[in-house]
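Listed below, chain by chain, are the residues.
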Amino acid sequence: MKKRCLSLILAVVLIILGCVVSYAVDTDFGNVKTTRITLVDKDGYRLSANLYIPEEASQQQPHPAMIISPGGDCTADLASPWATELARRGYVVAAVDYTGSGDTQVNPQAQYFSGGAMGLDTVYDYLAACSFVDSSQIGVGGHSMGSLYSYRLALQRDVTVVISDVLYTDDMPDYDFNFIEIAAEHDEGILSRIKSFDEIYRDEFLTELFGTEEIEPNKIYGSWEDGNVRVLYPLNQTHQDDMVSGQFIRVMLESVMNSMPAPNPIDAGNMVYGWKIVGLAAAIIGLVIFLFSVAGLLLESGWFDSLKLKAVESQPGFTYGSKAWWIYFAILAIVPLATFFPGTALGNKMASNKLYQLGTTPNGYMVWTLLSTFVLIVVFVIFHIVYGKKHGGSLKSYGYGTSDSQKTICISYILKSAVFALILFMCGYTMIMLIFHFANTDLHLWTMSLRPLNREKAATMPWYFLGFLPYFLMFTLAGKGLGMERKKRMSTAKSVIISTFVGLLGLIALFFIYEILLRFTSIGPFYTGSFAHFYMSLLENVIPSFGVAMALNLYIGKKTNSSYAGIFIGAAIIAFGIVSANCLGMIVD
């Protein structure tokens with residue numbers, strides 16, 4: 001009990017320190033006011049944005065403004081590296097939750113593919129009407145799909161500058177503005193459309209926009225004084241780096257400052273956003289420790305002590321370290337990898353619907369886990385018939401017993417396990433709500449965003465919970481074949497780490513191979529069918545998310561000698577992470 005209380009205190013300290021650092025960077029140590037605004041668009045739909053207002057901006061001294069749009073399936077908070085650095089230099093900044101993202105509702109009329117600007121026009125009109133904004137100097141920029149939305153806004157409103165980082169096609173503008181293309185030479189999205197990066201200099205849309213047959217990199221076409229600059233800056237990085245890369249943000253800042261003089265002209269190389277990343281990383285680590293600590297304390301309380309069953313003497317798994325154990329270990333490690341491409345390809349065809357309201361990318365991950373579940377069923381059945389049944393394999397020894405004495409299923413035990421998981425989940429969710437309210441930030445790294453759910457996302461989360469539950473059930477069940485319980489002297493931590501690593505090993509190998517080929521060779525994204533390159537890139541979020549969820553699942557199972565509570569909380573964590581970080585369907589039939 002004492003150790004868990006100390007770990008709980010450590011968790012809270014890490015969260016508080018991380019949030020203090022994050023808030024200090026966002027507000028430039030008190031020189032910038034940050035607030036979340038809620039607007040209503042012309043069609044009556046709710047739209048949210050993060051607003052950064054420098055202290056000096058006023059009616060008497062209006063400042064230039066930038067609208068920032070994050071990439072596809074991302075929330076406004078992920079644009080904080082751009083936003084904080086721009087705000088430090090005196091720009092009013094609005095980081096936008098475009099339609100379906102964050103707390104913004106889905107507006108069918110605002111969809112990009114039907115001619116809309118995904119809500120950026122609503123934010124532009126709001127800024128133009130603010131007395132502290134110089135309405136003659138409003139720029140826009142975005143990452144990935146946010147680039148498309150930014151350029152579309154430039155066709156619908158007069159902007160001073162557009163920051164873009166991907167390839168697309170659209171109409172030509174009928175007025176002058178500065179257009180800055182900052183393209184990553186190892187951008188998986190760009191390389192999936194062209195054979196080599198050099199082809200970007202002859203891209204049909206860009207060359208027409210630049211007014212030349214072939215673009216010369218780093219050359220300024222037009223002039224900053226006339227406000228008609230066209231320039232393409234190639235950078236040695238990948239698509240996923242664009243929101244957090246120092247070299248990208250430096251070029252972005254220089255371009256904005258050349259387009260709209262900065263009220264507070266700090267050198268573009270002077271950046272502090274990295275400290276926010278450090279702070280958020282500390283807070284996320286604190287949240288993980290918090291969940292494990294609360295789980296341990298709940299199991300030691302009088303409320304849930306009855307969930308702890310006696311360990312079964314006869315364990316059905318293979319002997320740890322034996323030849324059979326290693327073969328089974330390899331099979332379990334291969335399953336998620338073997339199903340990854342067919343599963344995500346199948347799921348990529350699953351458009352949003354009334355139950356599963358997210359877009360195709362998160363649906364692809366869910367379908368992948370369901371395909372893995374079917375394969376794990378086959379693996380487990382074979383294991384049980386060939387080995388497990390002969391070595392004491394039973395409902396209880398496989399972790400699905402509900403009583404020390406009864407052989408039948410006790411529904412009340414399962415319900416109590418579900419209540420335990422719900423309380424644990426709500427403890428974590430409450431912490432995220434407190435962070436969101438007091439530190440005015442979500443918890444994000446890369447494109448993962450943990451934040452409170454609006455009512456539309458809260459309504460779809462239970463269906464994703466049910467979608468991910470079978471995977472946790474079957475992986476935990478199949479994992480019993482590793483016989484970790486038979487190794488009496490093995491610590492809980494080591495057992496949990498090994499069992500968790502089994503499910504992640506194949507994905508970790510795939511991610512590293514993909515990143516190495518993408519970043520350091522001319523091969524680039526080796527497979528792009530059904531957007532596989534983006535699914536592989538996003539493993540940077542999937543691996544740690546599943547790692548935490550599976551480890552907590554196995555930890556609780558180890559403490560209770562039962563799998564129910566663990567699989568409930570594991571599926572809940574993944575469902576929440578998927579729903580929190582992604583957009584509601586961007587195209588509504």
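Think of each chain on its own: its residues are numbered from 1, step by step along the sequence as written. Two thresholds apply to this predicted model, a pLDDT of at least 70 for residue-level local features and 80 or more for giving and counting side-chain atom pairs, whereas whole-chain, interface and lining totals are computed over all residues. Processing note: side-chain calculations cover all non-hydrogen atoms of the structure and skip hydrogens and water entirely.

**Digging into helix H4 (residues 145-156)**
One turn of the α-helix equals 3.6 residues, which is why residues spaced by three or four share an orientation. What counts as a helix is a DSSP run of H or I of at least four residues, what counts as a strand is a run of E of at least two, and both are numbered from the N terminus. In this scheme, a helix's expected span is set at 1.5 Å multiplied by one less than its residue total. The first and last C-alpha atoms of H4 sit 17 Å apart over twelve residues, in line with the 16 Å expected at 1.5 Å per residue. If you check which residues of H4 are buried, you get Gly146, Ser147, Leu148, Tyr149, Ser150, Tyr151, Arg152, Leu153 and Ala154. Contacts between residues were defined by any pair of non-hydrogen atoms, one from each residue, lying within 4.5 Å. Tucked inside the fold, the buried residues of H4 contact strand S3 (63-69), helix H3 (120-129), strand S5 (133-142), strand S6 (161-164), strand S7 (178-186) and helix H6 (204-210). Residue exposure (1.4 Å probe, protein chains only): buried if accessible area is under 20% of the type maximum, exposed if over 50%, otherwise partly exposed.

**Some words on the side chain of serine 164**
Within the secondary structure, serine 164 sits in strand S6. Separated by 3.1 Å, the side chains of serine 164 and tyrosine 168 make a polar contact. Setting aside residues no more than four positions away along its own chain, serine 164 makes contact with Gly142, Ser147, Phe179, Ile180, Glu181 and Ile182. Identification of polar contacts relies on pairs of N or O atoms within 3.5 Å, with a donor-acceptor requirement for protein atoms, meaning one able to donate a hydrogen and the other able to accept it, and with residues adjacent in sequence counted only if both atoms are side-chain atoms.

**Some words on the pattern of salt bridges**
Each reported salt bridge corresponds to a side-chain nitrogen of Lys or Arg within 4 Å of a carboxyl oxygen of Asp or Glu. Scanning the entire structure with this criterion turns up 20 salt bridges. With a closest N to O distance of 3.3 Å, aspartate 305 and lysine 308 form a salt bridge. Residue classification places aspartate 305 among the partly exposed residues on the basis of a relative accessible area of 38%. The salt bridge partner of arginine 455 is glutamate 456, with a shortest N-O separation of 3.9 Å. Judged by its relative accessible area of 62%, arginine 455 is exposed. The class for glutamate 456 is buried, based on a relative accessible area of 17%.

**Comments concerning the environment of glycine 115**
With respect to the secondary-structure elements, glycine 115 resides in the loop between strand S4 (92-97) and H3. Other than its neighbours up to four places away in sequence, glycine 115 contacts Arg152 and Gln156.

**Examining the sheet that holds S6**
Here a strand pair is declared whenever DSSP counts at least two bridges between the two strands. With mixed pairing, the eight strands of this open sheet are ordered in space as S1-S2-S4-S3-S5-S6-S7-S8. What marks the edges here is a single partner per strand, and that holds for strand S1 (32-40) and strand S8 (230-238). Strand after strand, the sheet turns through a mean of 20 degrees between neighbouring axes, direction not considered. For S3 and S5, the ladder comprises six bridges, and the chain directions are parallel. Each bridged residue has a counterpart across the sheet, and for histidine 63 the counterpart in S5 is valine 133. Axes here mean lines fitted to C-alpha atoms, for a helix over just the part in contact, with angles spanning 0 to 180 degrees between N-to-C directions.

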